[in-house]
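# Residue-level structure breakdown
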Amino acid sequence: MPAFDVLPLAVALLIGIPAFGSCLGIGLASMKLLEGMARQPELAPDLQTKFFLAVGVTDGAFIIATGIGLWFATANPFSH
């Protein structure tokens, strides 16, 4: 009976869950940015700077998770 290889499932979860969270977080942050800019247009440059900083950190977590997932997919550290 062949063994079930869980590596593809682990890599898919390691990439998929952070991607979902990143997209959700960036969408919510974009919504609040537009809302804040509509309420106080004079603060738009400050809000936009903070938005891009927050989006960069949020997207960075997804990029790191993708890199680790692809690393596990190519160099399986769990193999016997």
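As recorded in an unreviewed UniProt entry, the protein chain goes by the name Lipid-binding protein, listed as coming from Roseateles saccharophilus. In its Subcellular location (unreviewed entry) section, UniProt records this for the protein chain: "Membrane".

In this structure's numbering, the residues bearing the UniProt feature "domain: V-ATPase proteolipid subunit C-like" (unreviewed entry) are residues 9-71. Structurally, residues 9-71 comprises 94% helix and 0% strand, and the distance from its first C-alpha atom to its last is 14 Å.

On the surface, Phe4, Val6, Leu9, Leu13 and Ile17 cluster together into a nonpolar patch covering about 550 Å² of accessible area. Looking at where Phe4 falls in the secondary structure, it is placed in the segment before helix 1 (7-39). Residue classification places Phe4 among the exposed positions, given a relative accessible area of 68%.

Looking now at helix 2 (residues 44-74). Between its first and last C-alpha atoms helix 2 spans 44 Å; for 31 residues at 1.5 Å apiece the expected length is 45 Å, and the two agree. For helix 2, every residue scored as buried is listed here: Ala44, Phe51, Val55, Ala65, Thr66 and Gly69. In this fold, the buried residues of helix 2 make contact with helix 1.

Further remarks concern the pattern of salt bridges. Applying the stated rule across the entire model yields two salt bridges. Two residues, Glu35 and Lys32, come together in a salt bridge whose shortest N-O distance is 3.8 Å. Of this pair, Glu35 and Lys32 both sit in helix 1, three residues apart, roughly one helical turn. For Lys32, a relative accessible area of 52% gives the class exposed. Residue Arg39 is joined to Glu35 by a salt bridge in which the shortest nitrogen-to-oxygen separation is 3.8 Å. Here Arg39 pairs with Glu35, and both are found in helix 1, just four residues apart, close to one helical turn. Arg39 sits in the exposed class, given a relative accessible area of 65%. Connected through shared salt-bridge partners, Lys32, Glu35 and Arg39 make up one network.

Cut-off values and rules
Residues numbered from 1 in each chain as written. Predicted model: local features only at pLDDT ≥ 70, side-chain atom pairs only at ≥ 80, totals over all residues. Heavy atoms only, no water. UniProt positions renumbered as here; feature names shortened; annotations may be inferred. Helix = DSSP H or I, 4+ residues; strand = E, 2+ residues; numbered from the N terminus. Patch = residues over 30% accessible without salt bridge, like charges linked within 9 Å, V, L, I, M, F, W, Y side chains within 5 Å. Areas by Shrake-Rupley, 256 points an atom, 1.4 Å probe, with all protein chains shown as cover. Salt bridge = Lys/Arg side-chain N within 4 Å of Asp/Glu carboxyl O. Buried < 20%, exposed > 50% of the residue type's maximum accessible area, 1.4 Å probe, protein only. Expected span 1.5 Å × (residues − 1). Contact = heavy atoms within 4.5 Å.

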